[in-house]
Amino acid sequence: MKPFITVLFLCIIQLFSAQEEDYEYANGVFHFEENKTQKIFTDFTRIRQSPNVNAQILDSLQTNQQILILKKDETILKLGERRANWYKISYQKGDKRSEGYVWGGNLCVGYRTKNGYDFLFGLTKTINKKDKEYPEIIIKQNIASIKMVEGNTLIDEVSFDTGSGESLSYGTFTIESNHKLKNVEFTLKAMVSGEACGIASYDQYVLLKDKKMIVLPQLMNVGDADVYYHSEQFVFPNDKGGIPDAFIFKMEEMEKDEKEREKKKNASKTYLWNGDAYRLK
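Cut-off values and rules
Residues numbered from 1 in each chain as written. Predicted model: local features only at pLDDT ≥ 70, side-chain atom pairs only at ≥ 80, totals over all residues. Heavy atoms only, no water. Helix = DSSP H or I, 4+ residues; strand = E, 2+ residues; numbered from the N terminus. Rg over C-alpha atoms; globule rule 2.2 N^0.38 Å. Buried < 20%, exposed > 50% of the residue type's maximum accessible area, 1.4 Å probe, protein only. Contact = heavy atoms within 4.5 Å. UniProt positions renumbered as here; feature names shortened; annotations may be inferred. Pairing = 2+ DSSP bridges. Core = buried A, V, L, I, M, F, W, Y, C linked by side-chain atoms within 4.5 Å. Polar contact = N/O pair within 3.5 Å; in protein donor to acceptor, adjacent residues only side chain to side chain. Phe/Tyr/Trp six-rings, centres within 6.5 Å; stacked < 30°, edge-to-face > 60°. Axes fitted to C-alpha atoms, helices over the stretch in contact; angles between N-to-C directions.

## Quick word on the overall build of the protein
Working step 1: Along the protein, the regular secondary structure elements total 1 helix and 19 strands.
Working step 2: The globule rule puts the C-alpha radius of gyration for 281 residues at 19 Å, and the 21 Å found for the protein is close to it.
Working step 3: In terms of its C-alpha atoms, the protein occupies a principal-axis envelope of roughly 60 × 50 × 30 Å.
Working step 4: By residue count, 46% of the 281 residues in the protein fall in the buried class.
Working step 5: Long-range contacts, defined as pairs at least 24 residues apart, comprise 50% of the intrachain contacts of the protein with a sequence gap of at least 6.

## Here's the deal with the UniProt feature "domain: SH3b" (unreviewed entry) in the protein
Working step 1: As recorded in UniProt, the feature "domain: SH3b" (unreviewed entry) lies at residues 33-111.
Working step 2: A distance of 15 Å separates the end C-alpha atoms of residues 33-111, which is 0% helix and 61% strand.

## Some details on the pairing of strand E17 (residues 246-256)
Within a regular strand, side chains alternate between the sheet's two faces.
Working step 1: Within E17, 8 of the 11 residues are buried, leaving the element largely enclosed by the surrounding structure.
Working step 2: In this sheet, E17 lies alongside strand E16 (residues 228-235) in antiparallel orientation, the contact comprising 8 bridges. Within E17, the position partnered with tyrosine 229 by the bridge is methionine 254.
Working step 3: Relative to strand E18 (residues 262-273), E17 is paired through 11 bridges, and the arrangement is antiparallel. The residue bridging methionine 254 from the neighbouring strand is lysine 264, located in E18.
Working step 4: Between E17 and E18, which follow one another and run antiparallel, lie 5 residues, and glutamate 260 among them has a positive phi close to 65 degrees.

## Side note on unusual backbone geometry
Working step 1: Phi is positive for lysine 180, close to 65 degrees, though the residue is something other than glycine.
Working step 2: Mapped onto the elements of the fold, lysine 180 is located in the loop between strand E11 (170-176) and strand E12 (186-193).
Working step 3: Accessibility expressed as a relative area gives 62% for lysine 180, which makes it exposed.
Working step 4: Phi at aspartate 210 takes a positive value of approximately 50 degrees, unusual for a residue other than glycine.
Working step 5: Tracing the chain through its elements places aspartate 210 in the loop between strand E13 (201-209) and strand E14 (212-215).
Working step 6: The exposed category is assigned to aspartate 210, whose relative accessible area is 56%.

## Description of the nonpolar core
Working step 1: Ranked by size, the top nonpolar core spans 42 residues in total, and within it Ile67, Ile89, Phe119, Phe121, Ile146, Leu188 and Met213 carry the most contacts.
Working step 2: By size, the runner-up hydrophobic cluster in this structure holds 14 residues, among which are Val184, Leu207, Tyr271 and Trp273.

## A closer look at the pairing of strand E7 (residues 110-114)
Working step 1: With 5 bridges connecting them, E7 and strand E8 (residues 117-130) associate as antiparallel partners. Directly across from lysine 114, in E8, lies its bridge partner tyrosine 117.
Working step 2: The hairpin turn running from E7 into E8, its antiparallel successor, is 2 residues long, and asparagine 115 in that turn takes a positive phi close to 55 degrees.

## Brief notes about the side chain of asparagine 85
Working step 1: If you trace the backbone, asparagine 85 turns up in strand E5 (residues 82-93).
Working step 2: Residue asparagine 85 is classed as buried on the basis of its relative accessible area, which comes to 6%.
Working step 3: A polar side-chain atom of asparagine 85 sits 2.9 Å from the main-chain carbonyl oxygen of aspartate 73.

## Notes on the packing of aromatic side chains
Working step 1: Per the stated rule, a full pass over the model turns up 13 aromatic pairs.
Working step 2: Between phenylalanine 247 and tyrosine 271 the ring centres are 5.2 Å apart and the planes differ by 15 degrees, which places this aromatic pair in the stacked class. Highlighted residues: phenylalanine 247 in strand E17 and tyrosine 271 in strand E18, separated in sequence by 24 residues. In terms of burial, phenylalanine 247 and tyrosine 271 fall into one category: buried.
Working step 3: Residue tyrosine 271 is classed as buried on the basis of its relative accessible area, which comes to 9%.
Working step 4: What links up through ring pairs into an aromatic cluster is the set Tyr205, Phe234, Phe236, Phe247, Phe249, Tyr271 and Tyr278.

## Quick word on the sheet that holds strand E9 (residues 138-150)
The strands making up a sheet are joined through hydrogen bonds of the backbone, oriented either antiparallel or parallel.
Working step 1: Ordered in space as E7-E8-E9-E10, the 4 strands form an open sheet in which the pairing is antiparallel. Each of the sheet's edge strands pairs with one partner strand only, and the pair in question is E7 and strand E10 (153-161). Adjacent strand axes in the sheet meet at a mean angle of 25 degrees, parallel and antiparallel pairs treated alike.

Quick look at the structure:
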C-alpha cells in the first residue's frame with residue numbers, strides 16, 4: 001500500500017509542476033476577506049507602495065501586528081511552493097494610520113488568543129527534501145510554524161512539515177482542551193489540506209506546558225474516492241478507549257484490488273506522557 005501511495009503522490013506532484021507553466025493560482029490558505037482584520041506572521045514584513053517585490057518599501061511590520069484587509073490585488077507572487085495574492089491593507093502604528101501592499105504569504109493562516117498570549121500559525125518557507133523510498137527524487141516540502149507571542153515578544157516557536165503546495169487549499173487553527181494530559185494547559189491544532197482526491201491533509205497537535213510548546217508526531221490522511229484511504233488519528237486520555245498518562249496513535253488503510261475486494265491494514269502505537277515529555281512505549 002505504501003509504495004502505491006508514494007508513486008501516486010509523485011505523479012500528482014509532477015502533474016501540478018507541469019501545469020504551473022500554463023497558469024498561476026493562489027493557495028487557498030492565503031485567501032483573506034476584504035474588510036476583515038488579519039495579523040502579520042513573518043517578522044519585519046515589508047509594506048510596499050504597489051503590489052510588486054520591486055516597488056518602493058513604505059514600512060516594515062513586526063509579527064503579531066494587526067492589519068485590516070482593504071482589497072485583494074489579482075497579482076500573485078510565488079515563493080517556493082507558496083502562492084499568494086498581494087493585498088492592500090491599512091494599519092495603526094502609534095498614532096498614525098497608514099496604507100500599503102503586503103504579500104499574503106507573510107500573513108497568518110490562523111491565530112488565536114488564550115490566557116494573555118497570542119498564538120499564530122503560518123507558513124515560513126519551502127525546502128528540497130529527498131523522498132524516503134526514492135532518494136533520487138526531490139520533493140518540495142513546505143515548512144510551517146506556530147508562534148507564541150506576548151505583545152511583540154516571541155515566547156516560543158515550533159516548526160513542522162505541511163506537505164507540498166497542493167495541500168494548501170484549506171487550513172484551520174484551533175485551541176482544544178488539555179485532553180486530560182498531566183500538566184498540559186491546552187492543546188493547539190493546526191491543519192492544512194487539499195481539495196482534490198489523492199491530496200493529503202496534515203494535522204499537527206501541539207501541547208502547551210509552562211510557556212513551552214511541545215510538538216506531537218504529525219498525522220496524515222489521504223484518500224481517493226472509494227479506491228483507497230489512509231487514516232491516522234490520536235486517542236487521548238479523554239477519548240473513548242483512551243488510557244491515563246498516554247496518547248495512542250492509530251492508523252488504518254484500505255485499498256481495493258482489481259476485483260474490488262477491500263484489503264485493510266491497521267496499526268497502533270502508544271506514547272507515554274510523564275507530565276513533561278512523551279516517549280514511545
